Structures are given as C-alpha cells and as structure tokens.
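A closer look at the structure
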Amino acid sequence: MTAHTLDQKPAVSAEQPAAKVRRRRSKAGLFWSALAWVVGIGFFFPVLWMVLTAFKQEGDAYTDPPKLFFTPTLDQFAAVLDSGIGTTLLNSTFATAMSTILVLVLGLPAAFALSLRPVRRTQDALFFFIGTKMLPVVAAIVPLYVIVGDIGLLDNIWALVVLYTAMNLPIAVWMMRSFFLEVPSELLEAASMDGASTWTAVREVILPLVSPGIAATALICVIFSWNEFFFAVNLTAVQAQTIPVFLVGFITGEGLYWARLSAAAVLTALPVVLAGWIAQNKLVRGLSFGAIK
C-alpha cells in the first residue's frame, strides 16, 4: 500500500504544474478576448450611434446630454429620399460599377503577364504602376480639370469612370499579381500538355483558383470608388454629382442637421455594407489566399 502510494505521488506532482499552466493560459485568453471585444465595440460605437441618430427627430438628435431613449421615426429617411438622393445614388453606382469592371478587364491580363507569364523589366513595370499612386491628387487636379474641360466632360459621369479606373488600376494589378503568384506554374504546363490553349487554361484552371482574390480586389475597388470625394467635388456640379458630394450639402451655414445627415450617411453606407456581406466568404478566402501552403 505504501509503495503504491509513493509510486503515484510523482504523477500527481507532475500534473499540478500542467494544470496551472492551462489555467494561466485560459485566464490570458479570456483577458485578450475581453480586450478585443472592448476595442471592437469602441470602433463600432460611432457607427451604432449614427444609426440610432438616423431614427431620431432633430430635437432629440442635438441634446446635451445625448438622449438615449426616444421614439423611433422614419421621417429623416423620407426627407433624404425626397431631397434627390436617388440621382446621386445612380451616379455613384454607375461610376463604381463601370470603373470596377474596367479595372478587372485591364488588370487581370496585366497581373497574369507580370506573374505567371513575366515579361522583360517586370519590376520596372510594377514600380511604374505603384509609382502613379505616390503623386498627390491635389497636384494633378488643375491639369485634369483643364483636360476634362477641353474634351467637354465636366459634370459628366464618364469622366469619373475614367479617373476611378486609373485610380484603382495600380493597386488592383499589385493585388491580383500576388494572387496569381500563389498558383503553381505546373498547372499551366499540365494544361498545355493536355492540348489546352493559354486562354482555355486561364479560364478553366487559373481563374477558378484565384476567384476569391479577384472578389477581394473588386470589393476594395468598389469601396475606393464609392467613397471618392476629391475628383467628384471638383469635376462635377449637378448632373454627375455623387453620394459623397451630396452628403456635404447637409452642412449648411444655419447649422448641422444631425438626424438627417445620419440618415443620409446610413443610406450611403448601406450598399457597400451589403456588397461586403454578400461577398464575405470570397473576401475572407481572398485576403488569406496563399497565407498557408
């Protein structure tokens, strides 16, 4: 009995430090999880407050201290819809969709050529692409304004389509090239040995593999185009006005209409949020594409 008891003591003493380590790790995990929740709520709180303010009357929106309990109303959304937001929504949607399509049409062949089918002086081409993003936009607005005015595209949505395409194309080429680089070149060789042409191999083999990365790139282009303000405010007036310019109209000399501005901001953010929610599966796969081999 004594020998059996003595034999079991080392096992018990060996288990105690392991249990302490597990408890310590569990407490550390709970701490970091709680901290992550606090930080996440802190970042999300302004958005939540904007949504709540959109359902208030102006008298309830501008109070000190802020009013937490109120009667929700849709009056501010109705006022925003009556103020002509539909036209600006259509303009932003058209400029964003067309520029994103053009970026993908132009960027996919460039990214493919610079990754799986590299050309001479590839690095020079890549640095040229990304170098165009280094130029401050304000430094280019005067020559752009003159050129757009000379060709008769002031206050024309097609001017924004061209500029948004040029704005997003460099970053899209860099992103999609990184996704193409994760595809083994042996897949193209195997497809060519089976008699497939380059276009067939790209369409049937490569594009399905990199489709999550393409979706992530497209969503980023959508966000950049939808939120762009500088070109829109300087090159448009009435006919081609976009959503960011429309929102500035709620800031008047008489004061700020907080509830109405919040309602307009909610309607403005809703399409991008819905697009991200619909593409969330491909977006997560695209942003993590190639992280684990």
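See the structure printed just above.
Bear in mind that the values here come from a model prediction, so they are computed numbers and not experimental data.

Here we come to the packing of aromatic side chains. Throughout the structure, instances matching the rule amount to five aromatic pairs. For the pair Phe-31 and Trp-32, a centre-to-centre distance of 5.3 Å together with 70° between the ring planes defines the contact as edge-to-face. Aromatic pair Phe-55 and Phe-77: ring centres 5.1 Å apart, planes at 55°, arrangement tilted. Taken together, the positions of Phe-55 in the loop between α1 (2-54) and α2 (58-61) and Phe-77 in helix α3 (residues 75-82) put the pair 22 residues apart, joining distant regions of the chain.

This part is about the side chain of Thr-88. Take Thr-88: it is sitting in helix α4 (residues 85-113). When sequence neighbours within four positions are dropped, the list of residues in contact with Thr-88 reads Gln-241, Thr-242, Ile-243 and Phe-246.

At a closest axis distance of 10 Å, the pairing of helix α8 (residues 185-193) and helix α9 (residues 198-227) adopts a crossing angle of 155°. It follows from the interaxial angle that α8 and α9 lie roughly antiparallel. Considering only the axes of α8 and α9, their crossing is right-handed. Counting all contacts with α8, which are made through Leu-187, Leu-188 and Ala-191, the residues of α9 involved are Ala-201, Val-205, Ile-206 and Leu-209.

If you look at the biggest cluster of nonpolar residues, it comprises 18 residues, and the most contacted ones within it are Phe-112, Leu-116, Met-176, Phe-180, Leu-188 and Ile-206. No other element matches the seven residues that α9 contributes to this core. Excluding residues that lie within four positions of it along the chain, Met-176 makes contacts with Leu-104, Gly-107, Leu-108, Ala-111, Ile-214 and Thr-217. If you look at the next biggest cluster of nonpolar residues, it comprises 15 residues, including Ile-157, Phe-231, Leu-235 and Val-245.

This part takes up a positive patch on the surface. Taken together, the side chains of Arg-22, Arg-23, Arg-24 and Lys-27 define a basic patch exposed on the protein surface. Mapped onto the fold, Arg-24 is located in helix α1. Judged by its relative accessible area of 53%, Arg-24 falls in the exposed class.

Turning to the layout of surface pockets, a few remarks are in order. Quantified by volume, the largest pocket comes out at close to 390 Å³. Contributing to the lining of the largest pocket are 15 residues, with Thr-132, Lys-133, Ala-166, Met-167 and Phe-231 lying nearest its centre. If you list the elements that add at least two residues to the lining of the largest pocket, you get α5 (122-131), α6 (137-150) and α7 (157-181). With five residues, the top contributor of residues to the lining of the largest pocket is α7. Roughly 150 Å³ of internal volume is contained in the second largest pocket.

Here we come to helix α12 (residues 258-278). Taking 1.5 Å per residue, 21 residues should reach 30 Å; α12 reaches 30 Å between its end C-alpha atoms and fits that length. Remark: the principal bend of α12, roughly 30°, maps to Leu-270, with a proline, Pro-271, within the next four residues. Restricting attention to buried positions, one finds in α12 the residues Ala-259, Leu-261, Ser-262, Ala-263, Ala-264, Ala-265, Val-266, Thr-268, Val-272 and Gly-276.

On to α5. Within α5 the residues assigned to the buried category are Thr-122, Leu-126 and Ile-130. Down the axis of α5, the sector holding all buried residues measures 65°, keeping them to one side. Those residues of α5 that are exposed and aimed more than 90 degrees away from the buried face are Phe-127 and Phe-128.

On the surface, Phe-31, Trp-32, Leu-35, Val-39 and Phe-43 cluster together into a nonpolar patch covering about 580 Å² of accessible area. By the element assignment, Phe-31 lies in helix α1.

Analysis parameters
- Counting restarts for each chain, with residues numbered from 1 along the sequence as it is written.
- In keeping with the predicted nature of the model, local features appear solely for residues at pLDDT of at least 70, side-chain atom pairs appear and are counted solely at 80 or more, and the whole-chain, interface and lining totals rest on all residues.
- Hydrogens are left out, water is left out, and the side-chain values use all remaining heavy atoms of the structure.
- Stacked, edge-to-face and tilted labels apply to pairs of Phe, Tyr and Trp rings (six-membered ring for Trp) whose centres lie within 6.5 Å, assigned for plane angles under 30 degrees, over 60, and everything in between, in that order.
- A run of H or I in DSSP counts as a helix once it spans at least four residues, and a run of E counts as a strand once it spans at least two, with each numbered from the N terminus.
- A contact between two residues is defined here by any heavy atoms of the two lying within 4.5 Å.
- Throughout, an axis means a line fitted to C-alpha atoms (over the contacting stretch in the case of helices), and angles, computed between N-to-C directions, take values from 0 to 180 degrees.
- In what follows, roughly perpendicular refers to angles from 65 to 115 degrees, roughly parallel to angles under 35, roughly antiparallel to angles over 145, and oblique to any angle outside these ranges.
- What makes a crossing left-handed is the near helix being turned counterclockwise from the far one by less than a right angle; a clockwise turn instead makes it right-handed.
- In plain words, nonpolar cores are sets of buried Ala, Val, Leu, Ile, Met, Phe, Trp, Tyr and Cys residues tied together by side-chain atoms within 4.5 Å.
- A 1.4 Å probe rolled over the protein chains alone gives each residue an accessible area, and that area as a share of the maximum for its type sets the label: buried under 20%, exposed over 50%, partly exposed in between.
- A residue counts toward a patch only above 30% relative accessible area and without a salt bridge, and it is joined to like-charged neighbours within 9 Å or, for Val, Leu, Ile, Met, Phe, Trp and Tyr, to nonpolar neighbours within 5 Å.
- The method behind every accessible area is Shrake-Rupley, applied with a 1.4 Å probe, and residues are considered shielded solely by the protein chains displayed.
- We count a salt bridge whenever a side-chain nitrogen from Lys or Arg sits within 4 Å of a carboxyl oxygen from Asp or Glu.
- For the charge count, each Lys or Arg is scored as positive and each Asp or Glu as negative, with His and the chain ends excluded.
- In plain terms, the charge of a residue is placed at NZ if it is Lys, CZ if Arg, CG if Asp and CD if Glu.
- A pocket here means an open set of points on a 1 Å grid, computed over the protein atoms alone, that has protein on both sides within 12 Å along at least five of seven lines. A cavity is instead a set of points where a 1.4 Å probe fits but cannot get out; residues with an atom within 4 Å of a point line either one.
- Grid points are joined across faces, edges and corners, and a volume is the space filled by probe spheres set on the points.
- What a helix is expected to span follows from its residue count: subtract one and scale by 1.5 Å.
- Note that bend, as reported per residue, equals the angle between axes fitted to the 7 residues terminating at that residue and the 7 residues originating from it.
- When we speak of the arc, we mean the arc of directions from the helix axis to the C-beta atoms.

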